[in-house]
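Close look at the chain arrangement
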Amino acid sequence: MSVKPIPEGYHSITPYLGIKKAAEAIDFYKKAFGAIEVMRLSMPDGGIGHAELRIGDCPIMLGTPCDQGPLSNPDQSPSVGLHLYVTDVDKSYQQAIAAGGIVVSQVKDQFYGDRSGTLKDPYGHLWFLASRKEDLTQEQIEQRAKEMFQQG
């Protein structure tokens, strides 16, 4: 069975929020909007490395901003990015850069099974372009994250 570059249940564009109190925000979105928590990757410092929720039929991604990432808290800029799943991330990324996008991070294979890169459009908005390369379980992602942080 081959891996779909755009995972099942995702639309092409998914909002990605940087939230300082991400765990509290997840609880709020559950209470306020009936969000369902799909997955959560907690960090050693207690922050949220990445979480995925569903509100209705739409996914939403969020995480605690960190020095290594391009998102910040809403009192800084930018705090929202758009996560765009595409069939060929390398081609789409190069097309966006050629059109005037600014490199934030080059496309590379990620521990969570996606191949992705980040760019900023000429108007200051962040775009996370990705293609799914591996279908991983929550446990596999957590194990890879743990190994990665032990090395770093």
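Shown above is the structure to which this text applies.
Every value quoted in this text rests on a predicted model; they were computed, and no experiment measured them.

Take the overall build of the chain next. A tally of helices and strands in the chain yields three helices and eight strands. Secondary structure elements of the chain, listed N to C terminal, follow the sequence β-α-β-β-β-β-α-β-β-β-α. Taken over the C-alpha trace, the chain has a radius of gyration of 15 Å; the compact-globule value for 152 residues is 15 Å, and the two agree within 12%. Its C-alpha atoms give the chain principal-axis dimensions of about 40 × 40 × 35 Å. Sorting the 152 residues of the chain into buried and exposed places 38% on the buried side. Of the roughly 9,000 Å² that the chain leaves accessible, carbon and sulfur atoms contribute 53%. A gap of 1 Å separates the mean positions of the 15 positive and 19 negative side-chain charges of the chain.

Here we come to the side chain of Arg-115. Mapped onto the secondary structure, Arg-115 falls in strand E7 (residues 114-120). Here Asp-90 takes part through its side chain, which lies 2.9 Å from a polar atom of the side chain of Arg-115. Looking at Arg-115, its side chain comes within polar contact range of the side chain of Asp-109, at 3.1 Å. The contact partners of Arg-115, leaving out residues within four places of it in the chain, are Val-89, Asp-90, Val-107, Lys-108, Asp-109, Leu-129, Ala-130, Ser-131 and Lys-133.

Across the sheet, which stays open at both edges, the eight strands sit in the order E2-E3-E4-E1-E5-E8-E7-E6 with mixed pairing between neighbours. Looking at which strands have only one partner, the edges of the open sheet turn out to be strand E2 (36-42) and strand E6 (102-109). Across the sheet, the axes of successive neighbouring strands diverge by a mean angle of 20 degrees, strand direction being ignored. With three bridges joining them, strand E1 (residues 13-18) and strand E4 (residues 58-63) adopt parallel strand pairing. Paired with Leu-17 across the bridge in E4 is Leu-62. On top of the sheet, helix H2 (residues 89-98) reaches E6, E7 and strand E8 (126-132); it is set at about 170 degrees to E6, its chief contact.

This part is about the pairing of E6. In this structure, E6 lies alongside E7, joined through five bridges in antiparallel fashion. Its bridge partner lying in E7, Val-103 is registered against Leu-119.

What follows deals with the nonpolar core. Counting residues in each nonpolar core, the largest one holds 12 residues, listed as Leu-17, Ile-19, Ala-22, Ala-25, Ile-26, Tyr-29, Ala-35, Ile-48, Ala-51, Leu-53, Ile-60 and Leu-62. Among the secondary structure elements, those contributing two or more residues to this core are helix H1 (22-33), strand E3 (48-55) and E4. For this core, the leading source of residues is H1, giving four residues. When sequence neighbours within four positions are dropped, the list of residues in contact with Leu-62 reads Tyr-16, Leu-17, Ile-19, Ala-22, Ile-26, Tyr-29, Ile-48, His-50, Ala-51 and Leu-53. One finds Tyr-16, Leu-126, Phe-128 and Ala-130 within the second-largest nonpolar core, a separate group that totals eight residues.

The subject of this paragraph is the packing of aromatic side chains. In this structure the tally under the stated criterion is four aromatic pairs. Summarising the aromatic geometry, the rings of Tyr-10 and Tyr-85 are spaced 5.5 Å apart at their centres and angled 70 degrees between planes, so their arrangement reads as edge-to-face. On the criterion of sequence distance, the pair formed by Tyr-10 in the segment before E1 and Tyr-85 in strand E5 (residues 80-85) is long-range, its members being 75 residues apart. For the ring pair Tyr-16 and Phe-128, a centre distance of 5.3 Å and an interplane angle of 45 degrees mean the geometry is tilted. Taken as a pair, Tyr-16 in strand E1 and Phe-128 in strand E8 lie far apart in primary sequence, 112 residues in all. Phe-128 shares its class with Tyr-16; the two are buried. If you follow Arg-54 out to its NZ or CZ, it ends over the ring of Tyr-10, 5.3 Å from the centre.

Procedures and definitions
- Residues numbered from 1 in each chain as written.
- Predicted model: local features only at pLDDT ≥ 70, side-chain atom pairs only at ≥ 80, totals over all residues.
- Heavy atoms only, no water.
- Helix = DSSP H or I, 4+ residues; strand = E, 2+ residues; numbered from the N terminus.
- Rg over C-alpha atoms; globule rule 2.2 N^0.38 Å.
- Buried < 20%, exposed > 50% of the residue type's maximum accessible area, 1.4 Å probe, protein only.
- Areas by Shrake-Rupley, 256 points an atom, 1.4 Å probe, with all protein chains shown as cover.
- Lys, Arg positive; Asp, Glu negative; His and termini not counted.
- Charge placed at Lys NZ, Arg CZ, Asp CG, Glu CD.
- Polar contact = N/O pair within 3.5 Å; in protein donor to acceptor, adjacent residues only side chain to side chain.
- Contact = heavy atoms within 4.5 Å.
- Pairing = 2+ DSSP bridges.
- Axes fitted to C-alpha atoms, helices over the stretch in contact; angles between N-to-C directions.
- Core = buried A, V, L, I, M, F, W, Y, C linked by side-chain atoms within 4.5 Å.
- Phe/Tyr/Trp six-rings, centres within 6.5 Å; stacked < 30°, edge-to-face > 60°.
- Lys NZ or Arg CZ within 6 Å of the ring centre and 35° of its normal.

All we've got here are geometric facts, nothing functional implied.
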